[in-house]
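Understanding the architecture of this molecule
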Amino acid sequence: MFPRGREVILGVGGGISAYKSADLLRRLQDHGFLITVIPTRSSQNFVGSATWAALSGRPVHDDLWSDVHSIAHIDLAKRADLIIIAPTTADLLARIASGRADDLLTNVLLATTSPILLVPAMHTEMWQNAATQANVEMIRSRGITVLEPDVGRMTGEDVGAGRYPESAKIISAVEDILDHKADLRGVKVLVTAGGTREPIDPVRYLGNLSSGKQGYAVAYAAAVRGAQVTLVAANSAEPAIEGVEIIPVTTAQQMYEAVSARFDQCDVLVMSAAVADAKPSHESDEKLAKANYLSIELTPTVDILKTLSSFKDEQIMIGFAAQTGDDGIEKAREKYAAKKLDFIYLNDVSGGAIFGQERTSGLILDGKSVVAEIHECSKVTLAHKLLDLAHDKLGLPNE
Ligand code: CTP
């Protein structure tokens, strides 16, 4: 089970099996990945850029010099959740081992902090050559996954090790890399998502732009890691998540009641929801006429995190601060302190940024420091980062 919308860069090396990466690309898309293909120059003797553009539905970058103004390789390297190179030729292995940056693909590899999966495919003799094996060993020692090639019929009559594996085997390696182990098994995670709506009259409400995507991403990521997850969701159109109990609510008060009823049994509370800070003092039973609609008296809603913080025991509490000004860090720290949080995620939402989108960027803070800088990534990736922090703070063992 993979979250949808994760970004993969598929590098294609110059081997006869490059055509097999067309099937791999399709299978990755079936699993919800968004693919950007970077073919090497030599691979285009086997499969041309037009094929990759058509299959991926995206422009194909193959040249360091075409998009110089946008520093394409740095941008691509930052965006990817995973980089796969299939096939990886003996020459690519040698270039990667020695840290060369002589084409777009090797530049991206040097610039990325994302996980990398190499799928070598070449003649048996080349694969078994001492130079290739030494390169593989060196690359693996740097934390890059290098898949063992399959054994079988090669181009021509030869039989041996070096074949491009079935797509299913590559996808299973992707699963191992991206899907975290069940390191939150037995942990109770309570998450809120979406934006509350505070009724004005039967047809109108005060609301906000939150889509619920971030909270759903946290619930999904926690469930994948084996946690027992309850998601209190306000007005989100996101689809249900297998294995996650979803409690739909509408207003801040309902969210407060749902969360406070479960707070003392939870180990981690992640308040991703955008809770309205105020509600109309009177909810009219009748639709308000124009004349009565020019001003609405407001009353503060309950501050859920602040209220629960006084009952806080061992729970890890994570809050979000969506800010628009230059004083974001200061404001986030104030919220961190006032709500007795363990971590707070600060993102800049000027001009409606982040809300409703698949990706996010910001800072995770605690009282003293910036715990992590989150470069633009999927909301699921941020979710895993927050859960990693909760996992460590709970003192749980690594799997
Ligand atoms: N929050 C909450 N209850 C509220 C309002 C917010 O629990 N009534 C939570 C949010 O879910 C979020 C954190 O508090 O995790 C910060 O929310 P934010 O709206 O940024 O903070 P406020 O304290 O409401 O501050 P302000 O709106 O004045 O910036």
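It should be noted that the structure appears before, not after, this text.
Residues numbered from 1 in each chain as written. Predicted model: local features only at pLDDT ≥ 70, side-chain atom pairs only at ≥ 80, totals over all residues. Heavy atoms only, no water.

Take the site of the ligand next. Near the ligand, the surroundings consist of 14 residues, among which Met 271, Ala 273, Asp 277, Lys 335 and Lys 339 are the closest. Within the backbone of Ala 273, an N or O atom sits 2.8 Å from an oxygen atom of the ligand. Notes on the ligand: free accessible area 570 Å², of which the protein chains cover 76%. (Near = heavy atom within 4 Å. Polar contact = N/O pair within 3.5 Å; in protein donor to acceptor, adjacent residues only side chain to side chain. Areas by Shrake-Rupley, 256 points an atom, 1.4 Å probe, with all protein chains shown as cover.)

For helix H9 (residues 213–224), with twelve residues, the first-to-last C-alpha span of 16 Å sits near the 16 Å given by 1.5 Å per residue. Among all positions in H9, only Lys 213, Gln 214, Gly 215, Tyr 216, Ala 217, Val 218, Ala 219, Tyr 220, Ala 221, Ala 222, Ala 223 and Val 224 are buried. Phi for Gly 226, located one or two positions after H9, is positive at around 90 degrees. (Helix = DSSP H or I, 4+ residues; strand = E, 2+ residues; numbered from the N terminus. Expected span 1.5 Å × (residues − 1). Buried < 20%, exposed > 50% of the residue type's maximum accessible area, 1.4 Å probe, protein only.)

Turning our attention to the packing of aromatic side chains. Per the stated rule, a full pass over the model turns up one aromatic pair. Above the plane of the ring of Tyr 293 lies Arg 204, whose end atom (NZ or CZ) is 4.1 Å from the centre. (Phe/Tyr/Trp six-rings, centres within 6.5 Å; stacked < 30°, edge-to-face > 60°. Lys NZ or Arg CZ within 6 Å of the ring centre and 35° of its normal.)

Judged by pairing direction, the sheet is mixed, and its eight strands sit side by side in the order E12-E11-E8-E13-E16-E17-E18-E19 without closing on themselves. Two strands close off the open sheet at either side, each with one partner strand: strand E12 (245–249) and strand E19 (370–378). Here the strands of the sheet are splayed against their neighbours by 15 degrees on average, with no regard to which way each runs. Where helix H10 (residues 252–263) meets the sheet, it contacts strand E8 (188–194), strand E11 (228–234), E12, strand E13 (268–271) and strand E16 (316–323), and its direction lies at approximately 175 degrees from that of E8. Helix H13 (residues 379–393) rests against E13, E16, strand E17 (343–348), strand E18 (359–365) and E19 of the sheet, and its axis sits at about 155 degrees to E19. (Pairing = 2+ DSSP bridges. Axes fitted to C-alpha atoms, helices over the stretch in contact; angles between N-to-C directions. Contact = heavy atoms within 4.5 Å.)

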